[in-house]
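Residue-level structural notes
One-letter residues, chain by chain:
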Amino acid sequence: MQINAGRAEAHLHTVARGFLVRLRYRHLRAHRATSSALIQGQWRRRRQVNARHASAVVLQRVLRGRATRHQQAIFKKLEAAYLGDDTSESVHTIPQAEVAQLSETSSCGHVYGELSHEGAETVLRMMRPAHGDVLYDMGSGAGRFVVHAALALPHVRVVGVELSSVRHSVAFAASKRAALTNLHVMLGDMLTSPCEDATLIYFASLLFDVFAVRWHIGST
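Read on for a plain summary of the structure. Because the structure is predicted, anything quoted here is derived from the model rather than measured.

Burial of strand β2 (residues 157–162) is extensive: 5 of the 6 residues sit out of reach of the surface. Pairing of strand β1 (residues 134–138) with β2 involves 5 bridges; the strand directions are parallel. Across the sheet, residue Met 138 finds its bridge partner in β2, namely Val 161. Handedness of the crossover is the feature at issue here: the chain leaves β1, passes through helix α5 (residues 144–152), returns alongside β2, and the resulting connection is right-handed.

So, about α5. When you tally the buried positions in α5, you get 9 out of 9 residues, the bulk of the element. Listing the buried residues of α5 in full gives Arg 144, Phe 145, Val 146, Val 147, His 148, Ala 149, Ala 150, Leu 151 and Ala 152.

To continue, consider the environment of Asp 189. Mapped onto the secondary structure, Asp 189 falls in the loop between β3 (183–187) and β4 (200–203). Judged by relative accessible area, Asp 189 falls into the buried class, the value being 15%. Asp 189 sits 50 residues away from Gly 139 along the chain, and the two C-alpha atoms are 8.3 Å apart. One polar contact links the side chain of Asp 189 to the main-chain amide nitrogen of Leu 191, over a distance of 3.0 Å.

Let's shift gears to the sheet that holds β2. Strand order in the open sheet formed by 4 strands is β3-β2-β1-β4, and the pairing between neighbours is parallel. This sheet does not close on itself; its edge strands, each paired only once, are β3 and β4. Geometrically, the sheet is characterised by an average inter-axis angle of 20° between neighbouring strands, direction not taken into account. Sheet topology places β1 next to β4; 4 bridges connect them, and they run parallel. Within the sheet, the bridge partner assigned to Leu 135 lies in β4 and is Leu 200. The sheet contacts of α5 involve β1, β2, β3 and β4, and relative to β2 the element is tilted by about 175°.

Where β2 lies against β3, 5 bridges are found, and the strand directions are parallel. Each residue of the ladder has a partner; that of Gly 160, found in β3, is Val 185. With helix α6 (residues 165–178) bridging β2 and its parallel neighbour β3, the resulting β-α-β unit is right-handed.

With that settled, consider the packing of aromatic side chains. This structure, assessed with the given rule, holds 1 aromatic pair. With centroids separated by 4.7 Å and ring planes inclined at 40°, the aromatic side chains of Phe 145 and Tyr 202 adopt a geometry described as tilted. With Phe 145 in helix α5 and Tyr 202 in strand β4, the pair connects residues that are 57 residues apart, well separated along the chain. Tyr 202 gets classed as buried once you look at its relative accessible area, which sits at 13%. Between Arg 144 and the ring centre of Tyr 82, over which it is positioned, the NZ or CZ distance is 4.3 Å.

In this structure, Tyr 82, Leu 124, Leu 135, Phe 145, Val 147, Val 158 and Leu 183 are the most contacted members of the largest nonpolar core, which totals 29 residues. Listing elements by their share of this core, those giving two or more residues are α1 (2–81), α4 (117–127), α5, α6, β3 and β4. Counting residues per element, this core draws most heavily on α5, at 7 residues. Non-local contacts of Phe 145, meaning those with residues more than four positions away in its chain, are made with Leu 115, Ala 120, Val 123, Leu 124, Leu 135, Asp 137 and Tyr 202. The next biggest cluster of nonpolar side chains, apart from the first, holds 7 residues, and it includes Val 134, Met 138, Val 161 and Met 190.

About the cut-offs
Residues numbered from 1 in each chain as written. Predicted model: local features only at pLDDT ≥ 70, side-chain atom pairs only at ≥ 80, totals over all residues. Heavy atoms only, no water. Buried < 20%, exposed > 50% of the residue type's maximum accessible area, 1.4 Å probe, protein only. Helix = DSSP H or I, 4+ residues; strand = E, 2+ residues; numbered from the N terminus. Pairing = 2+ DSSP bridges. Right-handed = clockwise from strand over helix to strand, strands pointing away. Polar contact = N/O pair within 3.5 Å; in protein donor to acceptor, adjacent residues only side chain to side chain. Axes fitted to C-alpha atoms, helices over the stretch in contact; angles between N-to-C directions. Contact = heavy atoms within 4.5 Å. Phe/Tyr/Trp six-rings, centres within 6.5 Å; stacked < 30°, edge-to-face > 60°. Lys NZ or Arg CZ within 6 Å of the ring centre and 35° of its normal. Core = buried A, V, L, I, M, F, W, Y, C linked by side-chain atoms within 4.5 Å.

As structure tokens, this is what we get:
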């Protein structure tokens, strides 16, 4: 009986060891399968992230290219509106008779300057006009900014107010050549011209008489 009991015990130990070995093997195989699934999932997520990033980069390039082409198209239309002529002489050096008249009727300076194409784009991005806005440029000069704004923002109504008749005539001719239905240029003094419908007002001069402007605002 002792021998049989010993054999039975040895057999049980062998069976137990075999069971433990098989159990460890199954655990190891399950662990490897889980690790493999996790690794595959990580690689899959990484590929998805990389794919989304690549798509975003491509989309940014496409949008950037479209924006560049849009700006180039606006610049070409802007130059076509002014016929490529150099108007600097006529708008920067206005007749002395008009200079005297401006000095009598307004306290604003008659020295003139223009925004570059890039500068106009920057100003419009800072103003962020929305659909239905009415943008006034007080002292629109030869009208390059208002023509640019009307070309770039067809959903916005643009109005330019200019006191100099020489500069206004240049802006008026350019607006007619551009055939913009959302642009209106008018001859008048910015301090007295009506602008009740304005939602955005742009000033581009450091030559105003500060005290005169404050007095006018305070008296209205």
